[in-house]
Amino acid sequence: MNVIARLIVGGIIAFATITILESSKKQYEEDARKHRDRNKNKEKEKESTPDQATDEFSEANTHDKYLFDFGKYGAPSSKRKITRSVKEIMKDYDTARIGRTGDRNGRLGNYGGKYKALYLLTKSKSLEVIEDLETGYIEKFKDQLDNDKPDMFGAIETIDGWYYLYVAVA
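Here the structure is a predicted model, which means the values were calculated and not measured. (Residues numbered from 1 in each chain as written. Predicted model: local features only at pLDDT ≥ 70, side-chain atom pairs only at ≥ 80, totals over all residues. Heavy atoms only, no water.)

Asker: Which parts of the structure should I look at to understand the nonpolar core?
Answerer: Grouped burial of nonpolar side chains is what soluble globular proteins tend to show. Counting 23 residues, the largest nonpolar core has Ile82, Val86, Ile98, Leu121, Leu165 and Val167 as the members making the most contacts within it. Those elements giving two or more residues to this core turn out to be helix 3 (75–90), strand 2 (96–101), strand 3 (117–124), helix 4 (127–140) and strand 4 (163–169). Top element by residues in this core is helix 4. It accounts for 5 residues. Contacts of Val167, omitting those with residues within four sequence positions, involve Val86, Ile89, Met90, Ala96, Arg97, Ile98, Ala117, Leu118, Tyr119 and Leu121. Leu118, Tyr164, Ala168 and Ala170 belong to the second-largest nonpolar core, a separate cluster that totals 10 residues. (Core = buried A, V, L, I, M, F, W, Y, C linked by side-chain atoms within 4.5 Å. Buried < 20%, exposed > 50% of the residue type's maximum accessible area, 1.4 Å probe, protein only. Helix = DSSP H or I, 4+ residues; strand = E, 2+ residues; numbered from the N terminus. Contact = heavy atoms within 4.5 Å.)

Listed below in structure tokens is the structure:
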């Protein structure tokens with residue numbers, strides 16, 4: 001009886017291990033495909049566009065078309081508005097990153113030219129509100145983003161009293 005129980009437990013462990021390994025393999029292959037596609041697009045882009053200075057990637061390419069005060073509309077309406085904006089922005093770009101900043105015009109320059117444009121989504125006087133939004137939207141769109149968790153260095157202090165949630169795109 002003890003031998004049969006060991007065989008059953010061993011079989012269950014083997015099955016679970018194989019399932020976990022297959023899942024990891026699929027995730028690894030998906031990540032590799034994403035990076036391969038991004039690299040191909042970046043190579044095409046480099047061939048078709050001249051080099052631009054990093055300074056051009058700050059204020060000139062920071063857009064506030066979608067920007068609004070989060071507190072003005074209330075959480076449910078504001079979150080719907082942010083979700084629509086993120087979807088609309090990301091459909092036009094292959095690479096995106098969601099983050100937070102306290103310096104609306106200087107953040108894009110900190111990426112060293114990796115991203116072409118920065119779209120400000122919402123603003124709040126509360127850092128906690130923006131941090132919560134950043135975490136939630138990274139989780140919501142994690143399969144389409146370069147980042148899978150909030151950056152610990154984003155928006156420690158503010159330049160103008162506001163904290164911003166943004167999408168950087170390339």
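Asker: How should the pairing of strand 3 be read in this particular structure?
Answerer: Regular strands place their side chains on alternate faces of the sheet. Taking burial as the measure, the 8 residues of strand 3 include 7 buried ones, the bulk of the element. Note that strand 1 (residues 62–63) and strand 3 share 2 bridges and pair parallel. Residue His63 lies in a different strand from strand 3, and its bridge partner there is Tyr119. Bridge count for strand 3 against strand 4 is 7 bridges, and the pairing is antiparallel. If you follow Thr122 over to strand 4, its bridge partner there is Leu165. (Pairing = 2+ DSSP bridges.)

Asker: I would appreciate a short explanation of empty space enclosed by the protein in the present structure.
Answerer: Here the idea is plain: a probe the size of a water molecule rolls over the atoms and shows the empty space left. Counted under the stated rule, the structure contains 1 cavity of 30 Å³ or more. Every residue along the wall of the largest cavity is listed here: Arg97, Ile98, Gly99, Arg100, Arg107, Tyr111, Glu134, Asn147, Asp151, Gly154 and Tyr166. For the lining of the largest cavity, the element with the highest residue contribution is strand 2, accounting for 4 residues. Broken down by class, the residue content of the lining of the largest cavity amounts to 3 nonpolar, 3 polar and 5 charged. (1 Å grid on protein atoms, 1.4 Å probe; cavity = no way out; pocket = protein on both sides within 12 Å on 5 of 7 lines; lining within 4 Å. Points joined across faces, edges and corners; volume = space filled by probe spheres on them. Nonpolar A, V, L, I, M, F, W, Y, C, P; charged D, E, K, R; others polar.)

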